[in-house]
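Notes for the structure review
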Amino acid sequence: YTSQFLLQDIIPSAAALGGAYSTVIDDPNVLLYNPGSAGYYKKNQIYLSHSVYPEDIYSEYIMFFLPGKINIGLAGLYKFSYFPGFERDEEFTGELLFENFLAVLSMSKQLSKEMAVGINIKYVRNEIFIYNSDIISLDLGINYIMFNNVILSLALRNISFDIKNGILGSYM
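Residues numbered from 1 in each chain as written. Predicted model: local features only at pLDDT ≥ 70, side-chain atom pairs only at ≥ 80, totals over all residues. Heavy atoms only, no water.

**Let's talk about the overall build of the chain**
Stated formally: Every helix listed is a DSSP run of H or I at least four residues long, and every strand listed is a run of E at least two residues long, numbered separately from the N terminus. The buried label goes to any residue with under 20% of its type's maximum accessible area, the exposed label to any with over 50%, and the partly exposed label to all in between, with areas taken from a 1.4 Å probe on protein chains only. The contact rule is simple, with two residues in contact once any of their heavy atoms fall within 4.5 Å. Working convention for charge: Lys and Arg count positive, Asp and Glu count negative, and His plus the chain ends are omitted. A charge is said to be at NZ when it belongs to Lys, at CZ for Arg, at CG for Asp and at CD for Glu.
Along the backbone of the chain there are one helix and ten strands. Going from N to C terminus, the chain has its helices and strands arranged as α-β-β-β-β-β-β-β-β-β-β. The proportion of buried residues among the 172 residues of the chain is 35%. Look at the contacts in the chain between residues 6 or more apart in sequence, and 45% of them connect residues 24 or more apart. Of the side chains in the chain, 11 bear a positive and 17 a negative charge, and the two mean positions are spaced by 18 Å.

**So, the packing of aromatic side chains**
Two descriptors summarise a pair of aromatic rings, namely the distance from one centre to the other and the angle between the planes of the rings. Short version of the rule: Note on aromatic contacts: the rings of Phe and Tyr and the six-membered ring of Trp form a pair at centre separations within 6.5 Å, being stacked when their planes are under 30 degrees apart, edge-to-face when over 60 apart, and tilted otherwise.
The full count for this structure, using the stated rule, is six aromatic pairs. Consider the rings of Tyr21 and Tyr33, whose centres lie 5.4 Å apart with planes at 65°: the pair is edge-to-face. One end of the pair, Tyr21, is in the loop between helix H1 (12-16) and strand S1 (45-53); the other, Tyr33, is in the loop between H1 and S1, with twelve residues separating them in the sequence. In this structure Tyr21 comes out as buried when scored by relative accessible area, which is 4%. An angle of 20° between the planes, with centres 5.3 Å apart, marks the rings of Tyr58 and Phe80 as stacked. Taken as a pair, Tyr58 in strand S2 (residues 57-66) and Phe80 in strand S3 (residues 71-83) lie far apart in primary sequence, 22 residues in all. In this structure Phe80 comes out as partly exposed when scored by relative accessible area, which is 25%.

**Looking at the pairing of strand S8 (residues 131-145)**
Put simply, the rule is: In this description, strands pair whenever DSSP reports at least two bridges between them.
As paired strands, strand S7 (residues 115-128) and S8 are joined by 14 bridges and run antiparallel to one another. Counterpart to Met115 in the pairing with S8 is Tyr144. Between the end of S7 and the start of S8, which pair antiparallel, lie two residues, with Phe129 showing a positive phi angle near 55°. Looking at chain direction, S8 and strand S9 (residues 151-162) are connected through ten bridges and run antiparallel. When the sheet's bridge partners are listed, Ile136 is paired in S9 with Phe161. Where S8 hands over to S9, the hairpin turn is made up of five residues, of which Asn148 adopts a positive phi near 50°.

**So, the environment of Ile121**
Residue position: Ile121 is located in strand S7. In this structure Ile121 comes out as partly exposed when scored by relative accessible area, which is 36%. Counting along the chain gives 22 residues from Ile121 to Glu99, while the straight-line C-alpha distance between them is 20 Å.

By themselves, these observations are geometric and do not establish any function.
Structure, rendered in structure tokens:
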């Protein structure tokens with residue numbers, strides 16, 4: 001459950017849609033939701049974001065997108081917060097630091113006018129207090145534009161392997 005931070009929407013437009021972003025084909029940031037959808041995008045793009053959430057939780061996001069015969073996307077997300085300790089009844093409560101890091105390599109290809117496929121390879125690092133985890137994860141995605149811009153989208157997300165504990169499965 002340490003990777004729950006990935007369930008929060010990073011892109012404001014995705015948050016406005018309640019996370020229902022996997023069929024969007026005109027924004028390369030969709031690679032976080034369905035790597036297949038990024039296969040339709042044909043422009044170079046750099047995206048930078050800084051957010052501050054309640055309780056002083058900070059989030060930094062960067063994404064590079066390079067179209068070509070195979071579209072390549074690189075994304076990074078870093079979330080952190082520090083809660084200083086305080087005195088309570090003459091006793092120090094201790095400090096709490098958490099950090100989450102995500103690195104994504106995305107590859108997508110438009111196979112035809114109607115169909116695109118993609119894959120993400122992700123590295124996830126979680127730290128909270130003295131505990132940490134390192135995870136390698138895959139996302140697979142496919143999009144099919146049917147008729148009148150009706151888009152069928154399928155994404156298998158977070159097929160993962162916990163490096164430290166040797167556990168295969170999904171971390172969400």
